[in-house]
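Survey of secondary and tertiary structure
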Amino acid sequence: MTEDEWSTTTDPTGIDIPSDSTQRKRRLFQVACCRRILDLIPEGAGRTALEVAEAYADGTASDRVRQKAQREVRVLADESYEETEDALLAVGEALTKTISHRASYLPEAAVAQGHAARLHRTGDDPYAAAYESELASQVPLLRDIFGNPFRPIVFDPRWRSESAVALARTAYDTRDFTLLPILADALEEAGCDKADVLSHCREPNGVHVRGCWVVDGVLGKQ
């Protein structure tokens, strides 16, 4: 795939997640996909399992906790139907021990949306439209987490000013990504002149999640 194709595609199956990407990045992408369908994930064990997947990505949950959460969510999926089952299977995928870079996107999340659309709408079968729409919605998440693989940016340690690190840490911990334009100002003041970095933070309708490549760059996460 060329950079032009990468910049215009709306199909996550057509984007190669970098083969050198970390398990943390791949898992956070799957978690972000699951959070898009949070209303289809039952409260209790289902959502707790999603929190475990995120904690495991950041090294704050043990492998034993991961395995327990994965077993519980799969049992719950077996007892559920259609869109709920598929949503829980998506959470289960996010809890997989090792995530292949070629199997990182989550079609289960799109399937769940398709089944939900079929269940709650009348007229022509809305499954295909909902499925394709959900897959397309995963693309901005993928780009936010992995950045542009054709133009990787190495963060200069001098950009990690006290202000920039504090803003990035707050955005990461609280998921308050409205702070990113302010983070761009702090980075600029610290000497960052990389247009890709600054524009990513300042994009008016930008999509940002945990694992955002700029926030990770400031915090030194991989």
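Read on for an overview of the structure. Since the model is a prediction, treat every value here as computed from it, not as a measurement.

Focus on the overall build of the protein
Regarding its fold elements, the protein presents 11 helices and 0 strands. In sequence order, the secondary structure elements of the protein are arranged as α-α-α-α-α-α-α-α-α-α-α. In the protein, once contacts between residues fewer than 6 apart in sequence are set aside, the share between residues at least 24 apart is 70%. As displayed, the protein offers around 11200 Å² of accessible surface, 49% of which is attributable to carbon and sulfur atoms.

Describing the packing of aromatic side chains
Given two aromatic rings, one states the distance between the centres and the angle between the planes to describe the pair. Evaluated as defined, the whole model comprises 4 aromatic pairs. For the ring pair Y127 and Y131, a centre distance of 6.1 Å and an interplane angle of 15 degrees mean the geometry is stacked. Residue Y127 and its partner Y131 are both found in helix α7 (residues 127-146); the two are separated by 4 residues, about one turn of the helix. Accessibility expressed as a relative area gives 18% for Y127, which makes it buried. Measuring from centroid to centroid gives 5.4 Å for F155 and W159, while their planes differ by 75 degrees, and the two rings are edge-to-face. As far as the burial class goes, F155 and W159 line up, both buried.

Looking at unusual backbone geometry
Even without glycine at this site, E82 takes up a positive phi of about 40 degrees. Checked against the element boundaries, E82 lands in helix α5 (residues 82-94). Accessibility expressed as a relative area gives 40% for E82, which makes it partly exposed. Even without a glycine there, the phi angle at R175 is positive, about 60 degrees. Position of R175 among the secondary structure elements: in the loop between α8 (162-174) and α9 (180-189). With a relative accessible area of 34%, R175 lands in the partly exposed category.

Here's the deal with the nonpolar core
As a rule of thumb, soluble globular proteins bury nonpolar side chains together. Residues L180, L183, L187, V214 and V215 are the most contacted members of the largest nonpolar core, which totals 26 residues. Contributions of two or more residues to this core are made by α8, α9, α10 (195-202) and α11 (213-219). Sequence-distant contacts of L180, that is, excluding residues within four places in its chain, are made with A171, C201, H208, C212 and V215. A61, A69, V73 and A94 belong to the second-largest nonpolar core, a separate cluster that totals 24 residues.

A closer look at α9
Restricting attention to buried positions, one finds in α9 the residues L180, L183, A184, A186 and L187. What you see down the axis of α9 is that its buried residues fit within an arc of 165 degrees, all on one side. On its buried face, α9 sits against α8, α10 and α11. Just downstream of α9, G191 is the residue with a positive phi angle, here 110 degrees.

Some points on the packing of helix α2 (residues 23-36) against α5
Taken N-terminus to C-terminus, the directions of α2 and α5 make an angle of 165 degrees; their axes are 9 Å apart at the nearest point. One finds that α2 runs roughly antiparallel with respect to α5. Classified by chirality, the crossing of α5 by α2 is left-handed. For the pair α2 and α5, contact is made by R27, Q30, V31 and C34 and by A90, V91, E93 and A94, respectively.

How each quantity is defined
- Residues numbered from 1 in each chain as written.
- Predicted model: local features only at pLDDT ≥ 70, side-chain atom pairs only at ≥ 80, totals over all residues.
- Heavy atoms only, no water.
- Helix = DSSP H or I, 4+ residues; strand = E, 2+ residues; numbered from the N terminus.
- Contact = heavy atoms within 4.5 Å.
- Areas by Shrake-Rupley, 256 points an atom, 1.4 Å probe, with all protein chains shown as cover.
- Phe/Tyr/Trp six-rings, centres within 6.5 Å; stacked < 30°, edge-to-face > 60°.
- Buried < 20%, exposed > 50% of the residue type's maximum accessible area, 1.4 Å probe, protein only.
- Core = buried A, V, L, I, M, F, W, Y, C linked by side-chain atoms within 4.5 Å.
- Arc of directions from axis to C-beta.
- Axes fitted to C-alpha atoms, helices over the stretch in contact; angles between N-to-C directions.
- Parallel < 35°, antiparallel > 145°, perpendicular 65-115°, else oblique.
- Left-handed = near helix turned anticlockwise from the far one by under 90°.

Note that every value here comes from positions in space, so none of it alone points to a role or purpose.
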